[in-house]
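Analysis of the macromolecular model
Here's the letter readout for the chains.
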Amino acid sequence: MLDNLPRGTICIEDIEMGMTRYLRKVVTDEDIEKFAEISTDHNPVHLDDDYANDTIFEGRIAHGMLTAGLISAVIGEQLPGHGTIYMGQSLKFLAPVRPGDLVYAEVKVTDIEFSKRRVKLDCHCSVDGKKVVIGEATVMAPSRKFD
């Protein structure tokens, strides 16, 4: 994975409107197989070439939630980072991700409620500049007061 900043924590006191963090990851066959095992989602569109070739996707695709998990990785590791608590996430899946695709996952601060430590983040994943997942997350950011 390629991150734009080191992993860690950005406390609520230091979060600013417009802050952005991202990561890039190539989704591999192994990632898809592991996700199927962990999630127990063995839909053949993800795992069986012959089956997937006869679908509207004309080939295997990654689980949508595997791709969305990269948004969670940015939130949990970079912005706000370690100690962040998810409160909500909306997602819309726009296009498939295929084995071998380089996924770019980005989050951007769109609203901050300092008194409640709440942060809203615009989220998206893209492949070759085309958005494949969009959404919004609401999280509770860590605070130096509690460290």
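So, here's what we can say about the structure. None of these values were measured; they are calculated from a predicted model.

Focus: the pattern of salt bridges
Enumeration over the complete set of coordinates arrives at 6 salt bridges. For the salt bridge of Arg 144 with Asp 14, the shortest nitrogen-to-oxygen distance reads 2.4 Å. Of this pair, Arg 144 sits in the segment after β6 (130-140) while Asp 14 sits in the loop between β1 (2-3) and β2 (20-26), placing them 130 residues apart in sequence. Classification of Asp 14 by relative accessible area gives partly exposed; the value is 36%. Linked through salt bridges whose partners overlap, the residues forming this network are Asp 29, Asp 49 and Arg 60.

Digging into the nonpolar core
Judged by nonpolar contacts, the single largest core of 31 residues is most densely connected at Ile 15, Ile 75, Val 107, Val 109, Val 119 and Leu 121. If you list the elements that add at least two residues to this core, you get α4 (64-77), β4 (102-113), β5 (118-127) and β6. Excluding residues that lie within four positions of it along the chain, Val 119 makes contacts with Ile 12, Ile 15, Val 109, Asp 111, Ala 137, Thr 138, Val 139 and Ala 141.

Some details on the environment of Arg 24
Among the secondary structure elements, Arg 24 is positioned in strand β2. Along the primary structure Arg 24 and Glu 58 are separated by 34 residues, whereas in three dimensions their C-alpha atoms are 25 Å apart.

Focus on the side chain of Gln 78
Within the secondary structure, Gln 78 is located in the loop between α4 and β3 (85-93). Since its relative accessible area comes to 2%, Gln 78 is described here as buried. For Gln 78, the side chain forms a polar contact with the main-chain oxygen of Tyr 22, separated by 3.1 Å.

Digging into the state of the cysteines
Taken as a whole, this structure holds 0 disulfides when the rule is applied. For Cys 123, which is in no disulfide, the shortest distance to another cysteine sulfur is to Cys 125 and amounts to 8.4 Å.

What counts, and at which threshold
- Residues numbered from 1 in each chain as written.
- Predicted model: local features only at pLDDT ≥ 70, side-chain atom pairs only at ≥ 80, totals over all residues.
- Heavy atoms only, no water.
- Salt bridge = Lys/Arg side-chain N within 4 Å of Asp/Glu carboxyl O.
- Helix = DSSP H or I, 4+ residues; strand = E, 2+ residues; numbered from the N terminus.
- Buried < 20%, exposed > 50% of the residue type's maximum accessible area, 1.4 Å probe, protein only.
- Core = buried A, V, L, I, M, F, W, Y, C linked by side-chain atoms within 4.5 Å.
- Contact = heavy atoms within 4.5 Å.
- Polar contact = N/O pair within 3.5 Å; in protein donor to acceptor, adjacent residues only side chain to side chain.
- Disulfide = S-S within 2.5 Å.

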